[in-house]
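Chain by chain, the residues run as shown.
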Amino acid sequence: MTVRLAGLTVDWLGYATLRMTDGETVVYVDPGRHGVLSGQWEPHADGIGHPPSQDYRKQDGDVVCVSHVHHYDPDGIERVATEDATVVAFESIAGLDVDHDLRAIHDLPYEIREVGMKDTLSVTGADIWTTPAYNRPEGPHIHPDGTPYHPEGFGCGFLVELDGRSVFWPGDTDVLPGHRTLEVMLLCPPIGGSGRTMDQHEAAALAAEIEPTLVLPIHYNTFSNLEADARTFAADVAEAGVPVVLDES
């Protein structure tokens, strides 16, 4: 689906994949994984949140951001990146990429900029801030043995600003204290009920607290294990006076 807001055009392409542009610079966040861009995916039965019905290969991305190894997809990056693109990747991906049987990120034919959980950089018309993204050990999103699905240091979120207009993808994370201090135009929280990220209720509470201009929930209903009741989420957020847009195609 496509959202237009204050001169920005933002596309949700399924799962955690976002494309955003101000008409000059094109930025992708977490492109691909599990066949989302290649068409080799297993769709959710209710028809919501589907990625494109055919292969996606625009190769127009000036900047490609990758939050952690679970969303690292070399094929997805090559489908969206220009030849001289910059890939902004969380630092722990290098090393874990081979463990996950993926092509090493430093073997990709792009400039690779590694970032940590609290970094700031400017690249090709975009200002980018990273934020911590993890599951709290004392929280609900943990393995049966008590270890977090996403331990601290495993990944990050991205706040991307294009010409003064900001889009925030928190990444695969619980709601964390730092999230509540952000000033965001477009908030794109994960609301899928996988048990590994903030759920729709936690995301709705975050949206009500930081009051973005608009909320576009993502990372839900692309696959059956990411089910969420998006209408209930939207109602919860709207009750706080924050506008929400849903993919109901």
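Calculation rules
Residues numbered from 1 in each chain as written. Predicted model: local features only at pLDDT ≥ 70, side-chain atom pairs only at ≥ 80, totals over all residues. Heavy atoms only, no water. Core = buried A, V, L, I, M, F, W, Y, C linked by side-chain atoms within 4.5 Å. Buried < 20%, exposed > 50% of the residue type's maximum accessible area, 1.4 Å probe, protein only. Contact = heavy atoms within 4.5 Å. Pairing = 2+ DSSP bridges. Helix = DSSP H or I, 4+ residues; strand = E, 2+ residues; numbered from the N terminus. Arc of directions from axis to C-beta. Polar contact = N/O pair within 3.5 Å; in protein donor to acceptor, adjacent residues only side chain to side chain. Disulfide = S-S within 2.5 Å. Salt bridge = Lys/Arg side-chain N within 4 Å of Asp/Glu carboxyl O.

So, on to the nonpolar core. Among the nonpolar cores identified, the biggest contains 80 residues, and L18 and I128 are the most heavily contacted of them. Discounting chain neighbours no more than four positions away, the residues touching I128 are V63, C65, V88, D119, T120, L121, V123, F158, L159 and V160.

Quick look at the sheet that holds strand β12 (residues 186-187) now. Here six strands make up an open sheet; going across it, the order is β8-β9-β10-β11-β12-β13 and the pairing mixed. One side of each edge strand has no neighbouring strand; the edge strands of this open sheet are β8 (120-123) and β13 (214-215).

An α-helical turn contains 3.6 residues, so a residue and the one three or four places further along point in the same direction. For helix α4 (residues 230-239), the complete set of buried residues consists of A230, F233, A234 and V237. The buried residues of α4 occupy an angular sector of 95° when the element is viewed end-on, so they sit on one face. For α4, the exposed residues set more than 90 degrees away from the buried face come down to R231 and E239. On its buried face, α4 is in contact with α3 (200-210) and β13. Looking one or two residues beyond α4, the residue adopting positive phi is G241, at roughly 85°.

On to the pairing of strand β2 (residues 8-12), then. For β2, a buried count of four out of five residues is recorded, marking the element as mostly surrounded by other parts of the structure. For strand β1 (residues 2-5) and β2, the ladder comprises four bridges, and the chain directions are antiparallel. Across the sheet, residue T2 finds its bridge partner in β2, namely D11. In textbook terms, the turn of a hairpin is the stretch between consecutive antiparallel strands, and for β1 and β2 this stretch comprises two residues, one of which, A6, has a positive phi near 50°.

Along the chain, the position of D60 falls in the loop between β4 (26-29) and β5 (61-66). When the C-alpha positions of D60 and D30 are compared, they lie 15 Å apart, and in sequence the two are 30 residues distant. The contact partners of D60, leaving out residues within four places of it in the chain, are R19, V26, Y28, V80, A81 and T82. For D60, the side chain forms a polar contact with the side chain of Y28, separated by 2.6 Å.

What makes a disulfide is a covalent bond joining the sulfur atoms belonging to two cysteines. Under the definition given, this model contains zero disulfides. Unpaired in this structure, C65 has its nearest cysteine sulfur neighbour in C156, at a distance of 8.1 Å. Left without a disulfide partner, C188 is nearest to the cysteine sulfur of C65, which lies 13 Å away. Classification of C188 by relative accessible area gives buried; the value is 0%.

Here the focus is the pattern of salt bridges. Summed over the entire model, instances satisfying the criterion amount to nine salt bridges. For D55, the salt bridge goes to R79, with nearest N and O atoms at 4.0 Å. Taken together, the positions of D55 in the loop between β4 and β5 and R79 in helix α1 (residues 74-80) put the pair 24 residues apart, joining distant regions of the chain. According to the relative accessible area criterion, R79 is buried, its value standing at 6%. In this structure, the salt-bridge partner of E138 is R136, at a minimum N-O distance of 3.5 Å. A residue is classified by how much of its surface remains accessible, and E138, at 60% relative accessible area, is exposed.

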